[in-house]
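Each chain, letter by letter, is given below.
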Amino acid sequence: HHKIDNRQQEKARGARDVYIMMSIMKYYLLTIPTLLSFAGAFTNPRLPLGSKTVTGSCFVSPSLGKDASLPTASSSHFAPIISTTLTTTSLGMVPYSPPEDAEKATSSKVTLPKPKIGDFVRYYDVDGGRADGQLLVGKIALIQAIRPSSATATTPPNDADGTNKWLVEINEVEDVGDGYYADYPSRKRRKAALRKLEEIAPLPASFVRSEDAYKVPLERGTNRPMPSHPSYDLVGYEGPMAVPIDQTVVEADGENYGKIKSSLLRNAAIAGAAGTILADLFRGLEVAIIYFAGAAAGVAYLFFLGIKTDTVGSEDAKLGSNVSNLRFVFPALVLVGVAVANMLSGDASPVSTPGMFSTVTPEQFGAAMIGFLTYRLPLFVSQLTPVISESATDMIPGSAAMAVRLAADAKNRGVDVSALDASPFGEDDNLVTVLLVSGPEGTGKSTLVNRLVNEDPRFVKPVLLDRLTDGVKFERLEQRGEFLEIDESGRFGLSKEGVLESAAKIASESDVEGETSRKVVVVDADVGLAKRLVNLSEARLVGVWIGLDDLDKFESRLKAKIASGAVPIPEDETEESVLRAKVRQVVKDIEYGVVSGVFEFTILNEDIDESVRQLKEAASYCFPAAASTISP
């Protein structure tokens, strides 16, 4: 018993020692954070004395409510505490934070862009063989609202945050490697996909002329297209901006549509009448009557087809479609009428072979169907006539073909072309002669034009409008898009009046009288300006094309211009890429110069003096007296 008592006493002393050690540890654990908070208060005056810490990733403040929380902070306010703790005062209030810190936190929030037509986007194809789908790149072609189904007639869920509200049609672009994406060529079928707006992400893309493709940034390591934002801003998105409709254009198109429809019906009726006369002459009256009935059915078919076209996009579209379907009944009615006529005449079975069509002879059936399909003949002719006319025009050489095209174009625009039937250099044709000198970059056409103007006083340059001297007029023409060209500085602009009225204005200011006082404007134009000058119906163009006999010479001259600094190099391109782009443009310009038919004369500028002589001879064609002795 004595030994048992000793062991119990030893256990009791051991438990007491453990209790004392635990009490000491508890004391230090409760005291050290308080000391550290005091130290933090001295090092950071923003921290009030007597604060305590709450470990965790969020903090609930009585002043904010039980649902308000603050994220874990790691700023200098909490330097004395571990980064996973929040500091509060003894009253449980949030420590003071200056307004500038709140402004920084607000400004650091990323603003998502709004979607636009033509944006490059990243999306996924679930059929790509990957768990998350094949990653694809495309351009937004259409944005349309998702309409609720007629069965439920309810708004799709989750539309408060903008999801399930918009459907996007995306045209896929081809991955040509190294982050370049290009539109599929016309010989390939363009691929389109439909995705919800929240399923795509915007991609930054910039067009690189040297590669004829768009450059998209790639993620490091994966080489996957890297979006600029994770998604679009869908909250409050109201769809793409509506394009304003020009009612005058709509009314003009409506008038043109009415004329085309009336013309088709009239031509179909005329063709049916002509076919009826021919059928009567060659096959007799009975066949002619059946043919006429078929032709009338064809005109009725066109009329009811027009009802469907008239109601497209309107509230009566469904009714118009249903009424239009009656057009398929008319050819059957013709055959039924022929069969009834045969039965009334006593010939109920004109065909010996029994069957469904035993009451109609093959000749009668053919006459009815040929008559019905007669309405297609004027349609075919109307489609074939422009092709034949254009082919015939292409067979006409030189400026004669261009004159025919200009006359046809002027007639289509409502211009009186009666003056074109007169002499090409008639004094009463009201056309202004303009010498057009054009060609690719680097051919020296500007040098030739300057020599011509300096050496022949009959030729003058067009008057340019100066923004500084007449800013009001300049701004008005610029806003209306009436300038033919504005120089790179943006100060001088070439207008239609500057081309058509400069010669007369300068001639009136000249002291020289008589025939020599007549002036002709000479325009130094690139291919773009030449295309715009062709559309001037008030001008008679005398075209001179300036070129070189070898593409290598173009390249060497362009290299010299780039090396001299005359051609600026963009920051995102190199001299080689700019050179390649300009050479491709030269090839396109040469193609236009060959096939356009605008230019009666071609000068290969190898020797400057010889080229000036040839230009003077071509320029003399602008005057009637010289034109009669010079052949183009």
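Residues numbered from 1 in each chain as written. Predicted model: local features only at pLDDT ≥ 70, side-chain atom pairs only at ≥ 80, totals over all residues. Heavy atoms only, no water.

Q: Explanation requested: the pattern of salt bridges in the structure shown.
A: Here the idea is simple: oppositely charged side chains can pair when their charged atoms come close. According to the stated counting rule, one finds 21 salt bridges in the structure shown. We note a salt bridge from R467 to E478, for which the minimum N-O separation is 3.4 Å. With R467 in the loop between β16 (465–466) and α11 (471–480) and E478 in helix α11, the pair connects residues that are 11 residues apart, well separated along the chain. Between K496 and E538 there is a salt bridge; the shortest N-O distance is 3.7 Å. Placement of the pair is K496 in helix α12 (residues 496–500) and E538 in the loop between α14 (527–534) and β20 (539–547), with a sequence separation of 42 residues. With relative accessibility at 31%, the residue E538 sits in the partly exposed group. It is possible to trace a salt-bridge network through shared partners that takes in R451, E455, D609 and K616. (Salt bridge = Lys/Arg side-chain N within 4 Å of Asp/Glu carboxyl O. Helix = DSSP H or I, 4+ residues; strand = E, 2+ residues; numbered from the N terminus. Buried < 20%, exposed > 50% of the residue type's maximum accessible area, 1.4 Å probe, protein only.)

Q: Can you walk me through unusual backbone geometry in this structure?
A: Residues other than glycine predominantly adopt negative phi, and peptide bonds predominantly adopt the trans conformation. If you check the backbone angles, N164 has positive phi at about 60° while not being a glycine. Relative to the elements of secondary structure, N164 occurs in the loop between β6 (134–145) and β7 (166–172). For N164, a relative accessible area of 14% translates into the label buried. Residues other than glycine seldom take positive phi values, yet N223 does so here, at roughly 55°.

Q: Please explain the sheet that holds strand β18 (residues 492–495) as it appears in this structure.
A: Remark on secondary structure: sheet strands pair via backbone hydrogen bonds, oriented parallel or antiparallel. Judged by pairing direction, the sheet is antiparallel, and its three strands sit side by side in the order β16-β18-β17 without closing on themselves. Edge positions in the sheet fall to β16 and β17 (483–486), since each of these pairs with one other strand and no more. Pairing of β16 with β18 involves two bridges; the strand directions are antiparallel. Its bridge partner lying in β18, L465 is registered against G493. (Pairing = 2+ DSSP bridges.)

Q: Hey, could you run me through the pairing of strand β10 (residues 192–196) in this one?
A: The side chains of a regular strand alternate, residue by residue, between the two faces of the sheet. Side chains of β10 alternate between two faces, with A193 and R195 buried and A192, L194 and K196 left unburied. As judged from the five bridges shared by β7 and β10, these two strands associate in the antiparallel manner. Within β10, the position partnered with E169 by the bridge is L194.

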